[in-house]
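Chain by chain, the residues run as shown.
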Amino acid sequence: MDAQVWEWRVATGEHPRQEGEQQLIERCRAGDMEAFGTLWQQHRTAVFRSILGIVGNPQDAEDLTQDAFLRAYRALDSFRGEAQLRTWLIRIGVHLAIDHVKRKKARPEVSLDWDVGGGYADIDPHTAAERNELRETVRKAIEALPPHHRAVIVLRDMEGMDYSEMAQALGCSVGSVKLRLFRARRLLKQRLEVLLGGSP
Amino acid sequence: MKRLLCRWVEYYLALCEDDIEPGLPGWVRRHLQSCARCQAEANAYRRAREAVRRYARLLPDAPVGGWQPVQVHAERKQRVFPLQVALAPVAVAVVALIGFVVWQRASAPVDDGVPQTQIAQIAQPSQQEAVERAKKVVAPAAKGTQRKQNPPAQRVGPEPNRPAPSLRQAPSPPVHRPPKRILVAAQPLAQTAPETETQPAAESLPEVEVPVQPVLVEASPPATRDIPEAYVVQPAYAAAAGGVE
């Protein structure tokens, strides 16, 4: 967006972030790409991190995030507003990620230069090595889970969703979410006990 | 082996978000204080939860430059005329054409390439055609009966008490006609002598092949065709007439 237009909108009270989500959706339905860009800025990180937690590969997660937003743009007319837009977008992304994992059926590859938490430039090498070790260990433990179990771990422990939001995102009941979460955490605990030797 | 109570405790521990969740039932807390195995399970779940949360904090944010491809795709989607919309009229036209062809084929009469006039001739053959067809059927059978040389007078003779009815008085064929059945007998064309004379002369005469004329004893026409009554000869009448045609 042009800087002058941005300043003018802030001055006149037309800042896109101050608009309600429903107004942005209506503008998107009318074909306003700028409004959709605002939604992208607001929700891209949540969608990206949810997908990344499932697929484990930043490159694939980035592609799937774009795909998820593109599908959301195409299906925006079918969004009825029963759930939050963030939940709806995460749902699209999670389903894409699960399909991607099932289709690929290969171990996700993580590049060594994965920029974790803003980079390792400002921390000492010992801490960076610990973080790398922890990241790889947990990633391997999550990858050992089935895709649906990965999804509940990501949505609950990484995105902080409650059970009802998770049920909406996964398209199942709350009881089913609890059962999946119980099984996923039990499997994850067993894997981490093996990988970390009982002292994570 | 875990006790059933410990399994239920593990379920609550797995879904517990903090070390001691306020919503945790009282019996679970009391069990945790007394069961060492469940205490170890609770510590293991807590460590796993902390590891996942630390891992979540290490996840990177979404790349900033990811908006461009989405924008390009979305704008292209707005510009490009949908293929489904473009192909819809073509599909409708094709379906209509196929339906018209099928309807034409269904409504047209089945002629098998035969003209209508020829079909009429087949349906109502002339008398000459009927005679020729009957002869074709009779000819091979007549050859087999020729060598027997049995005079018809010895085989089938007229009954003395019963007058021989004429062919004109033959009853008309029934409506329900029997299946197609042809019986053939042979009669010499030359008029033979009376029965008493032919018997001694037969030994002296040389073996000459006598031309025979097939006699149609019974020939029922097909149900679909009308053949004049003259060609339908009942066996009884033929015997009474001495094998006359």
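Residues numbered from 1 in each chain as written. Chains lettered and ligands numbered in written order. Predicted model: local features only at pLDDT ≥ 70, side-chain atom pairs only at ≥ 80, totals over all residues. Heavy atoms only, no water.

## Examining the overall build of chain B
Step number 1: Helix and strand counts for chain B stand at 10 helices and two strands.
Step number 2: Secondary structure of chain B in N-to-C order comes out as α-α-α-α-α-α-α-α-β-α-β-α.
Step number 3: Per-residue burial over chain B gives 21% buried out of 245 residues.
Step number 4: By sequence separation, contacts in chain B at least 24 residues apart represent 69% of the contacts at least 6 residues apart.
Step number 5: Put simply, chain B shows about 18000 Å² of open surface, and 58% of that area lies on carbon and sulfur atoms. (Helix = DSSP H or I, 4+ residues; strand = E, 2+ residues; numbered from the N terminus. Buried < 20%, exposed > 50% of the residue type's maximum accessible area, 1.4 Å probe, protein only. Contact = heavy atoms within 4.5 Å. Areas by Shrake-Rupley, 256 points an atom, 1.4 Å probe, with all protein chains shown as cover.)

## What to know about the overall build of chain A
Step number 1: Within chain A, the secondary structure is distributed over nine helices and zero strands.
Step number 2: Scanning chain A from its N terminus toward the C terminus, one meets helices and strands in the order α-α-α-α-α-α-α-α-α.
Step number 3: Classification of the 200 residues of chain A by burial places 48% in the buried group.
Step number 4: A total accessible area of about 9800 Å² is found for chain A, and carbon and sulfur atoms account for 47% of it.

## Quick look at the packing of aromatic side chains
Step number 1: Tallied over the full model, the rule gives nine aromatic pairs over all chains.
Step number 2: Here A:Phe182 and B:Tyr11 contribute two aromatic rings whose centre-to-centre distance is 5.1 Å and whose plane-to-plane angle is 65°, an arrangement assigned as edge-to-face. Placement of A:Phe182 in helix H9 (residues 174-196) and of B:Tyr11 in helix H1 (residues 4-15) is noted, with the two residues assigned to different chains.
Step number 3: Assessed through its relative accessible area of 10%, A:Phe182 is described here as buried.
Step number 4: Aromatic pair B:Phe100 and B:Trp103: ring centres 6.2 Å apart, planes at 35°, arrangement tilted. (Phe/Tyr/Trp six-rings, centres within 6.5 Å; stacked < 30°, edge-to-face > 60°.)

## A look at the packing of H1(B) against helix H2 (residues 26-34) of chain B
All names here are of chain B.
Step number 1: As a packed pair, H1 and H2 sit with axes 10 Å apart at the nearest point and diverge in direction by 110°. Classified by the interaxial angle, the pair formed by H1 and H2 is roughly perpendicular. Where H1 crosses over H2, the two elements pack in a sense that is left-handed. Only Trp27, Val28, His31 and Leu32 of H2 make contact with H1, whose side of the interface consists of Leu5, Cys6, Trp8, Val9, Tyr12 and Leu13.
Step number 2: Its residues placed into classes, the contact of H1 with H2 shows nine nonpolar, one polar and no charged. (Axes fitted to C-alpha atoms, helices over the stretch in contact; angles between N-to-C directions. Parallel < 35°, antiparallel > 145°, perpendicular 65-115°, else oblique. Left-handed = near helix turned anticlockwise from the far one by under 90°. Nonpolar A, V, L, I, M, F, W, Y, C, P; charged D, E, K, R; others polar.)

## Comments concerning the packing of helix H7 (residues 147-158) of chain A against H9(A)
Residue and element names in this part refer to chain A.
Step number 1: Contact geometry of H7 with H9 gives a least axis separation of 9 Å together with a crossing angle of 95°. When the interaxial angle is binned, H7 and H9 end up roughly perpendicular. On H9, the residues touching His148, His149, Val152, Ile153, Arg156 and Asp157 of H7 are Arg180, Leu181, Arg183, Ala184, Arg185, Leu187 and Leu188.
Step number 2: Classifying every residue of the contact of H7 with H9 gives six nonpolar, two polar and five charged.

## Examining the confidence of the model for chain A
Step number 1: Per-residue pLDDT for chain A averages 79, and the proportion of residues at 70 or more is 80%.
Step number 2: Confidence drops under pLDDT 50 across residues 1-18 of chain A; counting only partners more than four residues distant or on other chains, this segment forms 18 contacts. (pLDDT = per-residue confidence, 0-100.)

## Overview of the confidence of the model for chain B
Step number 1: Residues with a pLDDT of 70 or more make up 37% of chain B, whose mean pLDDT is 67.
Step number 2: When pLDDT is averaged over each helix and strand of chain B, the minimum, 49, is found for helix H8 (residues 152-155) of chain B and the maximum, 89, for helix H5 (residues 83-107) of chain B.

## So, the environment of A:Glu34
Step number 1: For A:Glu34, the location among the structural elements is in helix H3 (residues 33-55).
Step number 2: Through-space distance from the C-alpha of A:Glu34 to that of A:Leu24 is 9.2 Å; in sequence the pair is 10 residues apart.

## Quick word on H7(A)
Step number 1: Taking 1.5 Å per residue as the helical rise, H7(A) with its 12 residues ought to reach 16 Å, and the 15 Å between its terminal C-alpha atoms agrees with that figure.
Step number 2: With respect to burial, H7(A) is a largely interior element, 11 of its 12 residues being buried.
Step number 3: Among all positions in H7(A), only A:Pro147, A:His149, A:Arg150, A:Ala151, A:Val152, A:Ile153, A:Val154, A:Leu155, A:Arg156, A:Asp157 and A:Met158 are buried.
Step number 4: Of the surrounding elements, those touching the buried residues of H7(A) are H3, helix H5 (85-104), helix H6 (125-143), helix H8 (163-170) and H9 of chain A together with helix H3 (36-58) of chain B.
Step number 5: Taken from the residues just after H7(A), A:Gly160 is the one with a positive phi, measuring 70°. (Expected span 1.5 Å × (residues − 1).)

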